[in-house]
Amino acid sequence: MPAPDPLLLATAIDAVQKAGAIQMAHFGRPMRIDKKGTIDLVTEVDVAVERMFRALVAERFPDHQVLGEELQEDDRLRAAAPGYCWVFDPIDGTTNFAHGLPIFCASLGLELDGEAIVAAVYDPTRRELYTAERGEGARLNGERLAVSKANDVLNSLLCTGFPYTVHESGEELIGLFGHFIGRSRAVRRLGSAALDLCYVAAGRLDGFYESTLKPWDTCAGALIVEEAGGRVTQWNGQRYQSRHGHLLATNGLIHDEMRAMLTDYRAQRAANRTV
Ligand code: IPD
Ligand code: CA
Ligand code: CA
């Protein structure tokens, strides 16, 4: 595949950096916070950032589609669409953001016929810009990224997250968390899936898994991991695309071991339920 048009990455960078400026203008200050569910928050800043993003794409690429978390009018684009589609999370880590905890970012991936080809994630509190283009590698503030070299789970730093349905149906995921804690160096829960993926790409984490993720959580980060030399699949080992909810991203070396642990734990639970 030829390298993507440089204007695409430039636009992605522009969008996430503008998002970061809006986020920082409000971070730590009083803001309107609404609830989308029992524990699922949306702030006025999420909405303001997404409006900026939609206006930017409409101005530069009026024939491209967009998929954003907060202002999506229907579910049509939840299935990968043909052509170009910009997939945007205005604040990934909204709970952290609303509580004044500086672990959040804006995440933007561009898909062509359902395949991510360009990605930009910006963490404004650390001024870290993660970027990738399909076939061209991944970068942090312009420097090439590479995944870690840890080659077993026992010596790995892992990360996960929990969906907003965790109160209602979190038992298996919480059990799985314990399963990995007992078999790895440690498991973190940072609260921003996009940054979790960037940290796998940067070698700060060795592996990350989560279920029920949305396209805007992973579209950019999954490409960044792959372009840093890592591996991203569904939990069952099949190819990952942003519409698949269950994601496993690793440095590649611990992928099969983590996947076996996911499978074994779930099989064990299912067997225990039937006895
Ligand atoms: C959430 C974060 C969190 C993950 C949740 C996501 P949001 O996104 O990425 O780490 O565990 O599954 O929904 O709501 O902050 O954009
Ligand atoms: Ca998100
Ligand atoms: Ca969000």
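Report on the accompanying structure.

Cut-offs and rules
Residues numbered from 1 in each chain as written. Chains lettered and ligands numbered in written order. Predicted model: local features only at pLDDT ≥ 70, side-chain atom pairs only at ≥ 80, totals over all residues. Heavy atoms only, no water. Pairing = 2+ DSSP bridges. Helix = DSSP H or I, 4+ residues; strand = E, 2+ residues; numbered from the N terminus. Contact = heavy atoms within 4.5 Å. Axes fitted to C-alpha atoms, helices over the stretch in contact; angles between N-to-C directions.

**Focus: the sheet that holds strand S7 (residues 128-133)**
Spatially, seven strands are ordered S3-S4-S5-S6-S7-S8-S9 in an open sheet, and the strand pairing comes out mixed. The sheet is open, and its two edges are formed by strand S3 (65-68) and strand S9 (143-144), each paired on a single side. Across six bridges, strand S6 (residues 115-123) lies against S7 in antiparallel orientation. Bridge pairing in S7 links Val121 to Tyr130. On the sheet, helix H2 (residues 44-60) packs against S3, strand S4 (84-92) and strand S5 (105-112) and is oriented at approximately 155 degrees with respect to S4. Lying on the sheet, helix H7 (residues 215-227) is in contact with S3, S4, S5, S6, S7 and strand S8 (138-140); it crosses S6 at an angle near 100 degrees.

**Concerning the sheet that holds strand S13 (residues 231-234)**
Strand order in this open sheet of five strands is S11-S10-S12-S14-S13, and the pairing throughout is mixed. If you trace the sheet from one side to the other, it starts and ends with strand S11 (186-188) and S13, each paired once. On average, each strand axis in the sheet is inclined to that of its neighbour by 20 degrees, with strand direction left out of account. Bridge analysis of S13 against strand S14 (residues 247-250) gives four bridges, and the strand direction is antiparallel. Bridge pairing links Thr233 to Leu248 in S14. Running over the sheet, helix H6 (residues 193-201) touches strand S10 (157-160), strand S12 (207-210) and S14 and is turned about 155 degrees from S12. Sheet strands touched by H7: S13 and S14. Its angle to S13, the strand with the most contacts, is close to 135 degrees.

These values are about where atoms sit, not about what they do.
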